[in-house]
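Take a look at the letters that make up each chain.
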Amino acid sequence: MSSPSILVNRDAEGLAHAVAARLITRLVDVQSSGKVAQVVLTGGRVAAVVYRAVAESPARSAIDWRRVEFWWGDERFLPEGDPERNETQAWDALLSHVDVDPALVHPMPADTGQAPEAAAEEYVATLAAAAGSGDRDGVPTFDVLMLGVGPDGHVASLFPEHAALHEVERSSVAVHGAPKPPPTRISLSFPALNRAHEVWFVVAGDDKAKAVRLALSGAGPRHIPAAGVKGLNRTLWLLDEAAATDIPHEIRAPRT
Ligand SMILES: O=C(O)[C@H](O)[C@@H](O)[C@H](O)[C@H](O)COP(=O)(O)O
């Protein structure tokens, strides 16, 4: 497994447009092999700007959106349509602006009064139903798995020192007491997050600089969950200058 690549953009706006262009290109490349592109979306402010940049890009028409399958890395366990749900924000920023096949859009279950554990199990089943003979850990092999990173190093809804970090059997878990509101969430587990050909950490802001440095300098995944996720073929850290501030020079400098 190769070491991570670090690509730094001047600012958050430049980062969002660079990631949008990269996502469009990646989806076109995957589809050129005739397969349905498998994408795992993340939540958060940075991701929403990326999705909007994709929706606004003239190049978006190069993608056959009816042959893109969408999953989520995590979800805030809130009622259907709640504006704070990652699904709601993805539909507002991107999915409602392109011709997706609703049958290939798989949001994590909303809070309908059931226990979050039941909702997580529902997603385990949805993922397993989409997994093929060549796939592992009960999930399809994803083509791109995007992750925001919190100031504490969390990814998806896997927060430092939380019980969900220790899930190694199920692909999806319920999360209680998340430090980032809302407290109750659903998240892919580490085994599922590690089943993507490419993992893209999309990170902006100086409040993330310490977490980025620690994740790239050997911190453990219990302390910095971002350190626990790698792509099967490629791991990209797509940063703005502010988030890259603390990266040791020897890691950041382009390899000679
Ligand atoms: O549900 C969520 O909140 C996200 O999935 C979470 O993992 C997010 O990606 C990070 O917290 C970064 O969020 P920002 O980009 O808003 O800093």
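Look above for the structure.
Residues numbered from 1 in each chain as written. Predicted model: local features only at pLDDT ≥ 70, side-chain atom pairs only at ≥ 80, totals over all residues. Heavy atoms only, no water.

S.K.: How would you summarise the layout of surface pockets if you had to cite specific residues and measurements?
M.R.: If a probe as big as a water molecule is rolled over the atoms, it shows which places are left empty. Empty space within the largest pocket amounts to approximately 280 Å³. Gly43, Gly44, Gly148, Val149 and Lys180 are, among the 21 residues lining the largest pocket, the residues nearest its centre. Secondary-structure elements contributing two or more residues to the lining of the largest pocket are helix 2 (45–56) and strand 4 (74–76). Its residues assigned to classes, the lining of the largest pocket comprises eight nonpolar, seven polar and six charged. (1 Å grid on protein atoms, 1.4 Å probe; cavity = no way out; pocket = protein on both sides within 12 Å on 5 of 7 lines; lining within 4 Å. Points joined across faces, edges and corners; volume = space filled by probe spheres on them. Helix = DSSP H or I, 4+ residues; strand = E, 2+ residues; numbered from the N terminus. Nonpolar A, V, L, I, M, F, W, Y, C, P; charged D, E, K, R; others polar.)

S.K.: Give a detailed account of the packing of helix 1 (residues 12–32) against helix 2, specifying residues and quantitative values.
M.R.: For the pair helix 1 and helix 2, interaxial distance at closest approach is 8 Å and the crossing angle is 55 degrees. Considered as vectors, helix 1 and helix 2 are oriented oblique to each other. Considering only the axes of helix 1 and helix 2, their crossing is right-handed. Residues Glu13, Leu15, Ala16, His17, Val19, Ala20, Leu23 and Ile24 of helix 1 lie in contact with helix 2, whose contacting residues are Val46, Val49, Val50, Ala53 and Val54. Residue composition of the contact of helix 1 with helix 2, grouped by class: 11 nonpolar, one polar and one charged. (Axes fitted to C-alpha atoms, helices over the stretch in contact; angles between N-to-C directions. Parallel < 35°, antiparallel > 145°, perpendicular 65-115°, else oblique. Left-handed = near helix turned anticlockwise from the far one by under 90°. Contact = heavy atoms within 4.5 Å.)

S.K.: Give a detailed account of the pattern of salt bridges, specifying residues and quantitative values.
M.R.: In the structure shown here, the tally under the stated rule is 13 salt bridges. One salt bridge in this structure joins Asp137 and Arg136, with 3.6 Å as the shortest N-O distance. With a relative accessible area of 35%, Asp137 lands in the partly exposed category. Note that Glu161 is salt-bridged to Arg222, the shortest N-O span being 3.3 Å. In this pair, Glu161 is assigned in the loop between strand 5 (142–147) and strand 6 (172–175) and Arg222 in the loop between helix 6 (209–216) and strand 9 (234–240), connecting sequence segments 61 residues apart. Its relative accessible area of 48% is what places Arg222 among the partly exposed residues. (Salt bridge = Lys/Arg side-chain N within 4 Å of Asp/Glu carboxyl O. Buried < 20%, exposed > 50% of the residue type's maximum accessible area, 1.4 Å probe, protein only.)

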